[in-house]
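Take a look at the letters that make up each chain.
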Amino acid sequence: MKLSMSKGLTNAIAILMLIIVVLVIAIPMITFFANSQQAGSAKLALVNNYIFLKSLQVKQVEYGHPAIYYANSSIEFYYTNGTFVPPTNLTIVKILYFSGGVWLNLSYNYPITVSSFTNLTLPSYVQSKPIIIVTSLGNVFFLTPKSSIGPYSTSARGGLVIGAEIAEPSGPIGVSTNVTTNIDGSYKNYTTPTAFPNQTGTFVVKAPEYVFYERPNGSIVTGVFHNWIVGGQVTLNSTNSRVAQVTLGGGSMSLIANYTPVTKIITLQISSYPSTKFNITVDGISYTINGSENITALAGYINISVNTLQFNNTNLESKGIIYHYTYGSSLINSVNYPVDNFIAFINPSNNYSDLSVQYINNYNYIRIEANYSAIDYPENVTGIYLYNVIGIFYYIIIVSNVTPLTLNKPSQYGLYFELNNSLYNYSSPFWIKNGTYSLSGIGKFVPIGYLPLKYSHEELISISSLPSTYINVTYTNHPPSIFQAGLSWETYEFLNTSSRTTLPAVITINSPLNITVVYTWYVGWNQL
C-alpha cells in the first residue's frame, strides 16, 4: 500500500515538473510571437503614415504651404494659401546645386525648418545654377532660376491656384488634368494643379468634360464636370459651365474644377484576331477570353492590359506548319493603341463598345524531316588501279559496285543533319523557324563487310518541298587523310536535274520539307 502511494506521488511530481517546464518554455515563446506581431503591425502603420505624410507634403507645397520660389540669389518660401491644407513646417535636410556636370552639396546649418515666410540667401557660386531641395520626408524639389513650385507672392497680394478633383463619397480625390486659359494673355494649356502669382483682372478658363484617377489596384475612377469651386476673391460668370469667365480680386485665391464619378455600366465585347484564347485585365479585373466574350465595365476611362502577348496557332500542325503570333495593337472605338497597356475612353452616352485585340504573324515553325541514304559509285568508276605502298610494293585494286549496308541508328556513327551549325538526328522530324539556312550533312562511316569500304559525306543532297518536285544538289568533299593514295577524286552528279549547287547549300525554308542527305563511298577494293 505504501509502495503504491509512493509510486503515485512520484508520478504526480513528475507530471507537475513537466507542466512547469512546458510553461517556462511556452510563455516566453507566446510572448515573443505576440510582440513580433505587434511590432510588425506597428512597423506597417509607421510605413503607411510616412507615405501619407510624404504625399501630403507635396500637395501642401503645390497649394502654397509653403510655395517655393527660386529668385536666383535666394530661395523664398511663401505661405500664400490656406484653403486646402493646414499650415505645416517644411524641414530641409539638404540643398544641392548643379555645377561642372555634377550635383554638389551646399554647406548650411541643417536642418532648416520653415514655418513662416523665409528667405534663404545663396552664396554667389550657387546663383544662376539649378538646385534641388531635399526634405526630411524624402521629397525632392527641383528648381531652376526664376522658377517656382506652388503659388508665390513677392508683394503679399497672394496668388491663384487652379486645380481639379473628383468628389468621391469617401472624400475628394485630387487629379491631374489639362486646363486651358488666357490668364497670361494668350490661350495655353496648363497641367493642374497650376499656380499663378499676384493675379488680378479677368480671363477665361476651360476645363475638360471628363477626367480620371487611377487607383493603386489598376481600377479607374472617371469624373464628369459638375461645377467650379472658388476660394478667395474669385468671381465667375457661371460656376456650372466648363468654360467660365473669371475675375480675380487679389490675395490668396483658388479655382477648383469639381467632378462627380461616372457610374454608368456598359457592355464591352472583347475579341481577338485571329481568334484565340487569351488573357486580359480590364480595370484591375483579369479575364480569360476564348475568341470573343462580353463583359461589363464602367463607362468613361478604362484601364486595359493585354496579358497574352504571343501564342502558337496549331490548326495546320498536321500539315507541317505552326503559325506564331505576337501582339500588334488594340482597336477600340476606331482608336488604335499599339501598346499592350493603355487607358482608353468610352463615352458614357454609349451602352455598348467593342475591343479588338490584333495579333500579327511574325514567323512560323516549319516541320522538317531529314533522312539519309547511301549509294555506290556509278558503273564507270569500276576498274583496275595500281596502289603504291611505301613506294616499294604495288597492289592491283579493283573498284567494284558495292552497295553499303543500312544503319539503324546513324547517330551512333556520327551522322547528323546540320542547319546553321545546329545538329539534328536523321529520321526524326523536328521544327524550325522559317527563314534562310545553310544546310549540310556531316559524318562518315565504314559498313561491316568482307572488305572495308570508306564513305564520304555530303556528296549529294536531295530536297523535296511537299508536294513539289525534287531539287538535287551535289558537293565535292575533300578526302580525309586516310584516303588511299593513287586514286583520283572526282565529282559525280547522280541525277539528271537542272538545279545544282555545292554544299553547304543556302536554302530559304517557308514550307514543310523532306530533305535527304546522300552518302556515297569514295573507294573500295578487292585484293587479288
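Everything discussed here concerns the structure shown above.
Residues numbered from 1 in each chain as written. Predicted model: local features only at pLDDT ≥ 70, side-chain atom pairs only at ≥ 80, totals over all residues. Heavy atoms only, no water.

**Structural notes on the overall build of the chain**
Line of reasoning, step 1. Scanning the chain from terminus to terminus reveals one helix and 41 strands.
Line of reasoning, step 2. Considering the chain as a whole, with its 528 residues, one finds that 40% of them fall into the buried category.
Line of reasoning, step 3. Pairs at least 24 apart in sequence give 64% of the contacts found in the chain among residues at least 6 apart.
Line of reasoning, step 4. Surface exposure of the chain reaches about 28,300 Å², of which carbon and sulfur atoms provide 55%. (Helix = DSSP H or I, 4+ residues; strand = E, 2+ residues; numbered from the N terminus. Buried < 20%, exposed > 50% of the residue type's maximum accessible area, 1.4 Å probe, protein only. Contact = heavy atoms within 4.5 Å. Areas by Shrake-Rupley, 256 points an atom, 1.4 Å probe, with all protein chains shown as cover.)

**What to know about the nonpolar core**
Line of reasoning, step 1. Judged by nonpolar contacts, the single largest core of 26 residues is most densely connected at Leu160, Val205, Trp228, Val246, Leu248, Leu255 and Tyr259.
Line of reasoning, step 2. Contributions of two or more residues to this core are made by β10 (159-168), β15 (200-206), β17 (220-231), β18 (234-236), β19 (243-249) and β20 (253-261).
Line of reasoning, step 3. Excluding residues within four positions of it along the chain, Trp228 makes contact with Val205, Ala207, Leu236, Ser238, Thr239, Ser241, Arg242, Ala244, Leu255, Ile256 and Ala257.
Line of reasoning, step 4. Ranked by size, the runner-up nonpolar core spans 25 residues in total, among them Ile280, Ile304, Phe311 and Ile332. (Core = buried A, V, L, I, M, F, W, Y, C linked by side-chain atoms within 4.5 Å.)

**Looking at the pattern of salt bridges**
Line of reasoning, step 1. Under the defined criterion, the tally for this structure stands at two salt bridges.
Line of reasoning, step 2. The closest approach of N and O atoms between Arg215 and Glu168, which form a salt bridge, is 2.6 Å. Remark: Glu168 occurs in strand β10 and Arg215 occurs in the loop between β16 (210-214) and β17; sequence separation between them is 47 residues.
Line of reasoning, step 3. Of the residues examined, Arg215 reaches a relative accessible area of 32% and is grouped as partly exposed.
Line of reasoning, step 4. Measuring nitrogen to oxygen at the nearest pair gives 3.8 Å for the salt bridge that ties Glu369 to Arg367.
Line of reasoning, step 5. Of the residues examined, Arg367 reaches a relative accessible area of 30% and is grouped as partly exposed. (Salt bridge = Lys/Arg side-chain N within 4 Å of Asp/Glu carboxyl O.)

**A closer look at the layout of surface pockets**
Using a probe with the size of a water molecule, rolled over the atoms, empty space left in the structure can be pinpointed.
Line of reasoning, step 1. Roughly 160 Å³ of internal volume is contained in the second largest pocket.
Line of reasoning, step 2. As for the second largest pocket, its lining consists of Arg215, Ser219, Ile220, Ile265, Val282, Asp283, Ile285, Tyr287, Thr296, Ala297 and Leu298.
Line of reasoning, step 3. If you list the elements that add at least two residues to the lining of the second largest pocket, you get β23 (285-290) and β24 (292-298).
Line of reasoning, step 4. If one sorts the elements of the lining of the second largest pocket by residue count, β24 sits on top with three residues.
Line of reasoning, step 5. Residue classes in the lining of the second largest pocket are distributed as seven nonpolar, two polar and two charged. (1 Å grid on protein atoms, 1.4 Å probe; cavity = no way out; pocket = protein on both sides within 12 Å on 5 of 7 lines; lining within 4 Å. Points joined across faces, edges and corners; volume = space filled by probe spheres on them. Nonpolar A, V, L, I, M, F, W, Y, C, P; charged D, E, K, R; others polar.)

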